Amino acid sequence: MNTTTTAPAAPPLPDDLTAVLKRMRMPYLRTAAPEVLATARAQRWDPTEVLRVLLAEEARGRDEATKAARRKAAGLPAGKTFESWRESDSSIPVPTQSALATLEWVGRAENLAISGPSGTGKTHFLEALAHQVIDAGMRVSWFTLESLTAAIGRAGADGSIGKTIARITRAELIVVDDIGMLPSGQAAAEAFYRLVDATYERRSLAVTSNIHPAGFDTIMPKTLATAAVDRLLHHAHVIITEGTSLRLTDATAGRGVVPLT
Ligand SMILES: Nc1ncnc2c1ncn2[C@@H]1O[C@H](COP(=O)(O)OP(=O)(O)OP(=O)(O)O)[C@@H](O)[C@H]1O
Ligand SMILES: [Mg+2]
């Protein structure tokens, strides 16, 4: 769209047109219209083109607003994306990284389990994927095992577990980051089981942990853990990260902080 090269002051829209655009809730079209119309007049556009450009502007504005709202609602932790991700510093094979970044597995409601030692990029990689899911027009619900347990616990207290689970699983990708730093009790295992069961073969669930999901029964009550992991792994990509902590590498190289002056 070529609206930036027009004469400085595009005449404002007539009041009645502004009023109807407000009534029809077309804020992006309304904002763009004066310049688009000025350009259209100057360049003798076909009327079809005018309509197309104006409606495309409204559609673009709405899509952007939806994505911004979903990014906020997703609760992603640190704003880490693929921009700051170094493919070659990760122990995940590059072809695997690329295949996951296509998000086809999300379309197929397959799961993802990333396990490995601390500081090996599990959370960063998953957050980068989550941003990509939102950019692709889908929704994400991000939890840690702790925040999931708290959310389900609150819902249990006022009898709205079903509703809460339904709301969480509206997202195409649900994340439980950081399972198994500390032993978790019955409440956490129950919350995790409920989520795994509700997403089973319907939604993508992604988890990160320091231990392989097959070992979750060592940090959670065994019966629930076994039932949850059975469903989780049935259609799951299992990724193992390895190596030393990139936090440690940064710290020992003096890249972890901005030098004091
Ligand atoms: N391949 C990478 N490219 C760029 N930065 C990376 C990469 N891998 C890790 N990092 C950075 O290293 C730090 C640790 O990574 P991250 O938090 O993802 O680790 P983790 O595996 O989730 O660790 P933990 O098990 O302790 O939660 C972060 O600051 C992250 O941005
Ligand atoms: Mg992490």
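Just above sits the structure.
Residues numbered from 1 in each chain as written. Chains lettered and ligands numbered in written order. Predicted model: local features only at pLDDT ≥ 70, side-chain atom pairs only at ≥ 80, totals over all residues.

A small share of helix α1 (residues 15-23) lies buried, amounting to zero of its nine residues. The first or second residue beyond α1 is arginine 25, which carries a positive phi of 50°. (Buried ≥ 20, exposed ≤ 12 C-beta atoms within 10 Å, placed from the backbone. Helix = DSSP H or I, 4+ residues; strand = E, 2+ residues; numbered from the N terminus.)

Moving on, we come to the site of ligand 1. Taken together, the neighbourhood of ligand 1 is formed by 18 residues, with Ser118, Gly121, Lys122, Thr123 and His124 sitting nearest. Breaking the shell around ligand 1 down by element, the ones donating at least two residues are α6 (122-135) and α11 (246-252). (Near = placed C-beta within 6 Å.)

Attention now goes to the environment of glycine 243. You can see glycine 243 is positioned in the loop between β5 (236-240) and α11. Judged by the 14 C-beta atoms lying within 10 Å of it, glycine 243 is partly exposed. As a C-alpha pair, glycine 243 and alanine 214 span 29 residues in sequence and 21 Å in three-dimensional space. Excluding anything up to four places from it in sequence, glycine 243 contacts Ser91 and Thr120. (Contact = placed C-beta atoms within 7 Å.)

Another aspect to go through is helix α2 (residues 27-42). Taking 1.5 Å of rise per residue, 16 residues should cover 22 Å, and α2 covers 24 Å from first to last C-alpha, within 8% of that figure. By the burial criterion, the buried members of α2 are Tyr28, Leu29, Arg30, Ala32, Ala33, Val36, Leu37, Thr39 and Ala40. Buried residues along α2 sit in contact with α1 and α3 (47-74). (Expected span 1.5 Å × (residues − 1).)

With that out of the way, let us pick up the sheet that holds strand β4 (residues 204-209). Across the sheet, which stays open at both edges, the five strands sit in the order β2-β3-β4-β1-β5 with parallel pairing between neighbours. Strands with a single pairing partner mark the edges of an open sheet, and in this sheet they are β2 (140-144) and β5. Here the average twist between neighbouring strands, direction ignored, is 10°. Where strand β3 (residues 173-179) meets β4, five bridges bridge the pair, whose relative direction is parallel. Paired with leucine 173 across the strands is serine 204, a residue of β4. (Pairing = 2+ DSSP bridges. Axes fitted to C-alpha atoms, helices over the stretch in contact; angles between N-to-C directions.)

Before going further, it helps to examine the packing of helix α9 (residues 186-199) against helix α10 (residues 222-234). Viewed as axis vectors pointing N to C, α9 and α10 meet at an angle of 25°, and their least axial separation amounts to 9 Å. The orientation of α9 relative to α10 falls into the category roughly parallel. When you trace α9 past α10, the crossing you get is left-handed. In contact with Ala189, Glu190, Phe192, Tyr193, Val196 and Asp197 of α9, α10 contributes Leu224, Ala225, Ala227, Ala228, Arg231 and Leu232. Considering only residue class, the contact of α9 with α10 consists of nine nonpolar, no polar and three charged. (Parallel < 35°, antiparallel > 145°, perpendicular 65-115°, else oblique. Left-handed = near helix turned anticlockwise from the far one by under 90°. Nonpolar A, V, L, I, M, F, W, Y, C, P; charged D, E, K, R; others polar.)

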